[in-house]
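# Analysis of the macromolecular model
Here is what each chain is made of, one letter per residue.
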Amino acid sequence: MKRVGVIGFPVAHSLSPLMHNAAFAALGMSDWHYDAMAIPPDILRLGLSEPKNHGYIGINVTVPHKEAIMQFVRPDEKARAIGAVNTVDFRSNIGTNTDADGFINDLRAHDVPLAGSRALILGAGGAARAAVYGLTRAGAEVAIVNRTAARALNLVQRLSASAGVEGVQVLTLEAAADWNMALLVNCTSVGLHPHSERTPWARRLPFPAGITVYDMVYRPATTALMRQAAAHGGRAIGGLGMLARQGAIAFELWTGVPPPIDVMLGALRGALAGETEDG
Ligand SMILES: NC(=O)c1ccc[n+]([C@@H]2O[C@H](COP(=O)([O-])OP(=O)(O)OC[C@H]3O[C@@H](n4cnc5c(N)ncnc54)[C@H](OP(=O)(O)O)[C@@H]3O)[C@@H](O)[C@H]2O)c1
């Protein structure tokens, strides 16, 4: 049996086992299996060494371990730039981060123009770091708004030091309303189930007309922010494709087999459709 999996805490809610096992089944890879493993932070080292010693090929890493795990693996250039590892290959002990490429691949799959376009990022956590890294690498002009401005400034400084990313502005939401962005990316958790009536774009501010909104939140499938974009003549894309595509990169890394993206996306859509309208 060839085993892979995800470590996190908690991890029971993770959709990754369903997505990867659906891919293995669709390709007849019956000797592969993907598990979810709940690892409390105080035994993180064990949570890494035990699967490795038991023959796992690799693992995904999710909250709260993505940063702490870096001391136990060899982070590659992307992981070092973003400051977090979400995928490990035990054969090389290299840790990488597939979020930025998963995000950019999904934007490209939706034909969203990137090079030379203005992109506004809402948020300054791990997802925002991946988005800023990916978008600047793709040639976009990037600005950030975050509730805690100091955290946004820190993100900009860190990405400059770790990856030589320059020219990223930190704005207030009021200033961003006049910034003329083509793309708005929600990298906050605002709007996530069960608070799905909330939006990171304050309703007191005019909503920019005709822009593309990418909401990394994928529960619910259509967020309040996505509805605001549609109501103002814009386009709205939810975060499920990013989830599938970051997983697809890990799948190919471990197996060497081209990932069945449609199967992975279909498994995710099926799982979320089974939840409540809000979920
Ligand atoms: N689609 C995908 O594949 C994918 C991948 C990664 C993440 N995500 C999603 O992206 C979101 C962020 O993830 P993360 O790992 O970056 O989380 P994180 O590191 O905890 O960062 C959370 C961000 O949300 C902001 N925030 C939280 N509550 C807020 C509120 N009430 N008002 C304004 N801002 C608020 C925080 O602002 P402060 O700094 O002011 O606290 C921070 O910028 C989550 O919903 C996650 O599920 C999706």
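All of the points below concern the structure found in this document. All values reported here derive from a predicted model rather than from experimental measurement.

Definitions and limits used
Residues numbered from 1 in each chain as written. Predicted model: local features only at pLDDT ≥ 70, side-chain atom pairs only at ≥ 80, totals over all residues. Pairing = 2+ DSSP bridges. Helix = DSSP H or I, 4+ residues; strand = E, 2+ residues; numbered from the N terminus. Right-handed = clockwise from strand over helix to strand, strands pointing away. Axes fitted to C-alpha atoms, helices over the stretch in contact; angles between N-to-C directions. Parallel < 35°, antiparallel > 145°, perpendicular 65-115°, else oblique. Left-handed = near helix turned anticlockwise from the far one by under 90°. Contact = placed C-beta atoms within 7 Å. Nonpolar A, V, L, I, M, F, W, Y, C, P; charged D, E, K, R; others polar. Buried ≥ 20, exposed ≤ 12 C-beta atoms within 10 Å, placed from the backbone.

## Some points on the pairing of strand E2 (residues 32-38)
As paired elements, strand E1 (residues 2-8) and E2 share seven bridges and run parallel to each other. Residue pairing in the sheet places Gly5 in a bridge with Asp35 of E2. Handedness of the crossover is the feature at issue here: the chain leaves E1, passes through helix H1 (residues 16-26), returns alongside E2, and the resulting connection is right-handed.

## As for the packing of helix H4 (residues 99-109) against helix H9 (residues 240-255)
Running from N to C, H4 and H9 point in directions that differ by 125 degrees, and their axes come no closer than 8 Å. With respect to their mutual orientation, H4 and H9 come out oblique. Between H4 and H9 the crossing geometry is right-handed. Contacts between H4 and H9 involve Asp99, Asp101, Gly102, Phe103, Asn105, Asp106 and Ala109 from the former and Gly241, Met242, Arg245, Gln246 and Ile249 from the latter. Considering only residue class, the contact of H4 with H9 consists of four nonpolar, four polar and four charged.

## Notes on the sheet that holds strand E9 (residues 169-170)
The strand order E9-E8-E7-E10-E11-E12 describes an open sheet built from six strands, whose pairing is parallel. Of all strands in the sheet, those with a lone pairing partner are E9 and strand E12 (235-238), marking the two edges. By the bridge criterion, four bridges tie strand E7 (residues 118-122) to strand E10 (residues 183-186) in an arrangement that is parallel. Bridge pairing in E10 places Ala119 opposite Leu183.

## A look at the environment of Ala25
Among the structural elements, Ala25 can be located in helix H1. Ala25 sits in the partly exposed class, given 14 other C-beta atoms within 10 Å. Between the C-alpha atom of Ala25 and that of Ala177, which follows or precedes it by 152 residues, the distance is 47 Å.

## With respect to unusual backbone geometry
Going from Phe9 to Pro10, the amide bond is cis rather than trans, its omega being 0 degrees. Mapped onto the elements, Pro10 comes out in the loop between E1 and H1. Along the chain, Arg219 connects to Pro220 via a cis peptide bond; the corresponding omega equals 5 degrees. Residue placement: Pro220 occurs in the loop between strand E11 (212-215) and helix H8 (224-231). Even without being a glycine, Asn93 presents a positive backbone phi close to 60 degrees. Its place among the elements puts Asn93 in the loop between strand E5 (87-89) and strand E6 (94-96). Of note in this structure, Asn180 is not a glycine but carries a positive phi near 65 degrees. Mapped onto the elements of the fold, Asn180 is located in the loop between helix H7 (173-176) and E10. Judged by the 10 C-beta atoms lying within 10 Å of it, Asn180 falls in the exposed class.

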